[in-house]
Amino acid sequence: MREETRRFVHAGFRRYYNHARLKPPGEVWMREWGFVHFDRYYPAKVVMRRHKAFNSDVELINYIREYAPAHAYHSAAIYKYPAAPMGRKEWLGADLIFDLDADHIVSDLEKYSYEDLLELVKREAQKLIGFLLNDFGFDESDLELVFSGSRGYHIHITANSVRQLGSRERREIVDYMTASGLELGAFLKHARDGNLILISEGWGERLFNGLIRFLHEIADLPEEEAIVSIRKATGMDKRQAKDVIRIARDETVMNRIESGQLPNFSRLPAVWTGIARSVTRTVSVESADRPDEPVTSDIKRLIRMPTSLHGKSSLQVKPLEIDAIADFDPLKDAVVFGDSDIKLRVMHDADIRLRGEHYRLEEGETVTLPEYAAMYFMCRGVAELEV
Amino acid sequence: MHERYSYLCLYPFLPAASEYVKESGLTIDHMISSASARIRAKERVIEAIRTGCVQRPFIADDMQAQMELLSYPFARILVSCINDPYLVRRYALAEAKGAYRRIIEDLNTGTGMDTIHKLAGDLGIHADISTDHVLVPFTDYLQLAVNLRDKRWKLVNRSLVRGKVKLNVNEFVRLLQEAIYGRVIKGLPLDVPEEICNSLRAHIEQIKEELARGRPKRDEFRAHSGADPDSFPPCIRNILRNLNEGVNIPHSARFAVTAFLLNAGLSVEEVIELYRNSPDFNETMTRYQVEHIAGVRSGTRYTAPSCATMRTYGNCVGKDELCDRIAHPLSYYRLKLKRRAKKPDS
Ligand code: SF4
């Protein structure tokens, strides 16, 4: 990024921060803050200034207005001494934070367009919200949903009841969402008559609904297709698949299954595990479950401040209502800059659809774009200000 | 006998119990001069070492109740004077188990539900208790179940509905045991003035002897197995040290150390012996797991995890310079054995 470009982008951020209604998190004074500034090294060398602390919302907002940072973060944790070095902060608790990012969800990012990635990650966020409201019993008002300003969503939960959870406890919550360590047997009970009873609660309910849905689908398919689909889901042989079809088409048996009894299924464990596997795959939340990259279990991590700007996209880290997510379009709703003309020199091919308009840039050309698109491309590092 | 009193003396770790002791005006001096409470305290600790469970006695009268009540803070003092991490854990676990058994007995005789209600309240656990199940907010559940390793305790395998985990009554009592363990171990070892420890020397010596008897020795380990623990890599030595001190270690570490030792030539029996010190040792479970890793049934023995895997799970602890030359803990062991064979006294 050339110096003129950086100055221009920085000035844009400053204008935003001077007018925006910033929404600092609760307990500002107990949090650690971290910033990346548009300094002379940016963005070649990104220096995160951590361990900052502010006494009040006003102090924080003044700081942000003065520096207009490229990136602004605060700790999920609250500390007694937030500005002290890590070992001496005295951890008092931490918000429960979920960080869903496209690169945790798909491994081959290049294959997808930015728009598609945003759709994918939105679906995961919706599943996650479903878990939080139904299984975990949170109210919508407990969840603060935020578009990350880039390729994902964050959910902050600040309720006192979760603040004291340690990182192993948080890991259990992640495991729940991702169905890690799920054991089907945990939801099966042997009834006195030798049949199995499915406990339809928690994951048991999801497995149960999945099983019913699967069997209904099978019953409606022509025999040959049904066999193929069963074999694909469960990996069993033709004869076993036929047994399943017989069950699916038998109304009395189906009625009993729908009331929670699984007749004869002990003879067909593969059905059960196979169906469970496919249900799990579709309804669990895909997430960065890599042990080297803990998500919500890291109780000392920093998270982007809602209402700040993302320095690599110029988009707003935008809070939104839970029921607004379905219609939320980050490439429209998180755009904050205006549409005056800006002239750019394109350094790399790139394209984006912003505010419903498609912009396709080719390396070497000079283009005039509305400010919001120009800011996006400059922040991405694919274009320089033409002076 | 006063009802509250007989309850508190069975669960002397409750805050209300220490309140009671305080209110009754009894001081440490009283305790030390109360020979019967002193002896009962020593019994508590010795029983913990021997059987892993401090049984609740039948309480005949107020006198005995008082002794029982006083012996608990006293036992904590004894444990603290010895100040051995293994003993601290073992003792706390044995107190918790003793309480657990007593509650289960009460359940069988029909008075248990009452106790459970009271204990949950006194231990600050939010629970909705009815005769056929107990509902616990998931946050309380997670904090209580976090050390339980069996898969059925994982949250993902529980009935979780609108923020509440549904448990049967016995499962809930198991969680009470966890809460009690946490309560007992909190603050241990206490900071006991030296004069007090000195005045208790006779008891302490007895406990120490018992302790030495109960604990497998490092040298025996070497003699039996033919393995050379001094040549083990730092990660494995660290896990073994934790096991020896009765620290509850994560699954991944158990797997690593078991597979490593089996690969290094230890027998299934020898490996099981190592786990005997674990505060929650369960022979059947341990045997099953060790045999599984050894491939007794399947015929395929698991290989010990590589350094990369050890690192991923946070089990690579104490890396030394020899570690830079290898990528697998077993290679470390082989290399070290070779070196030691060359320089016998290094
Ligand atoms: S580098 Fe390998 S052998 Fe050394 S401590 Fe780590 S895991 Fe163990």
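Note that this is a predicted model, so its numbers are computed, not measured.

**Quick notes on the sheet that holds strand β2 (residues 134-137) of chain B**
Residues and elements named next belong to chain B.
- Spatially, β1-β2-β4-β3 is the arrangement adopted by the four strands of the open sheet, whose pairing is antiparallel. A single partner strand is all that each edge strand has here, and the edge strands are β1 (128-129) and β3 (159-161).
- Here β1 runs beside β2; their pairing, made up of two bridges, is antiparallel. Bridge pairing in β2 links Asp128 to Leu135.

**Concerning the interface of chain B and chain A**
- Contacts between chain B and chain A engage 22 residues on the former and 25 residues on the latter.
- Breaking the side of chain B that touches chain A down by element, the ones donating at least two residues are α8 (138-145), β3 and β4 (164-167) of chain B.
- With four residues, α8 of chain B is the single largest residue contributor to the side of chain B that touches chain A.
- Of the residues belonging to the side of chain B that touches chain A, the class tally is nine nonpolar, six polar and seven charged.

**Concerning the domain arrangement of chain B**
Residues and elements named next belong to chain B.
- Domain annotation of chain B identifies domain 1 (3-207) and domain 2 (216-342).
- Taking only C-alpha atoms, the centre of domain 1 and the centre of domain 2 are 33 Å apart.
- Counting from both sides, the interface comprises seven residues of domain 1 and, opposite them, eight residues of domain 2.
- Its residues assigned to classes, the side of domain 1 that touches domain 2 shows three nonpolar, one polar and three charged.

**A closer look at the packing of helix α14 (residues 251-263) of chain B against helix α16 (residues 283-294) of chain B**
Residues and elements named next belong to chain B.
- With their axes 10 Å apart at the nearest point, α14 and α16 run at an angle of 55° to one another. As judged from the angle between their axes, α14 and α16 are oblique. As for the relative orientation of α14 and α16, their crossing is right-handed in sense. Residues Phe255, Thr258, Ala259 and Leu262 of α14 lie in contact with α16, whose contacting residues are Val290, Ile293 and Ala294.
- Of the residues in the contact of α14 with α16, the class split is six nonpolar, one polar and no charged.

**Points about the pairing of strand β6 (residues 96-101) of chain A**
Residue and element names in this part refer to chain A.
- The element β6 is largely enclosed, with a buried count of five among its six residues.
- Relative to strand β8 (residues 152-157), β6 is paired through six bridges, and the arrangement is antiparallel. Each residue of the ladder has a partner; that of Asp99, found in β8, is His154.

**Considering the site of the ligand**
Residue and element names in this part refer to chain B.
- Looking at the ligand, the residues that line it are Pro233, Pro234, Cys235, Cys307, Met310, Cys316, Gly318, Lys319, Cys323, Pro329 and Tyr332.
- Secondary structure elements with two or more residues in the shell around the ligand: α13 (234-244), α17 (307-312) and α18 (329-342).
- Per-class residue counts for the shell around the ligand are nine nonpolar, one polar and one charged.

**With respect to unusual backbone geometry**
- Of the consecutive residues Tyr42 of chain A and Pro43 of chain A, the connecting peptide bond is found in the cis state with omega at -5°.
- When you line up the elements, Pro43 of chain A lands in the loop between β1 (33-36) and β2 (48-52).
- In this chain, Leu188 of chain B is followed by Pro189 of chain B through a cis amide linkage whose omega measures -10°.
- Turning to its location among the elements, Pro189 of chain B is positioned in the loop between α9 (169-185) and α10 (194-199).

**Describing the sheet that holds β2 of chain A**
All names here are of chain A.
- The antiparallel open sheet is built from four strands, whose spatial order is β2-β1-β3-β12. Strand pairing shows two members of the sheet lacking a second neighbour, β2 and β12 (302-304), which therefore form its edges. If you compare each strand with its neighbour and ignore which way they point, the axes differ by 25° on average.
- As paired strands, β1 and strand β3 (residues 71-75) are joined by four bridges and run antiparallel to one another. By the bridge assignment for β3, Trp33 is matched with His74.

Cut-off values and rules
Residues numbered from 1 in each chain as written. Chains lettered and ligands numbered in written order. Predicted model: local features only at pLDDT ≥ 70, side-chain atom pairs only at ≥ 80, totals over all residues. Pairing = 2+ DSSP bridges. Helix = DSSP H or I, 4+ residues; strand = E, 2+ residues; numbered from the N terminus. Contact = placed C-beta atoms within 7 Å. Nonpolar A, V, L, I, M, F, W, Y, C, P; charged D, E, K, R; others polar. Domains from an automatic or database assignment. Axes fitted to C-alpha atoms, helices over the stretch in contact; angles between N-to-C directions. Parallel < 35°, antiparallel > 145°, perpendicular 65-115°, else oblique. Left-handed = near helix turned anticlockwise from the far one by under 90°. Buried ≥ 20, exposed ≤ 12 C-beta atoms within 10 Å, placed from the backbone. Near = placed C-beta within 6 Å.

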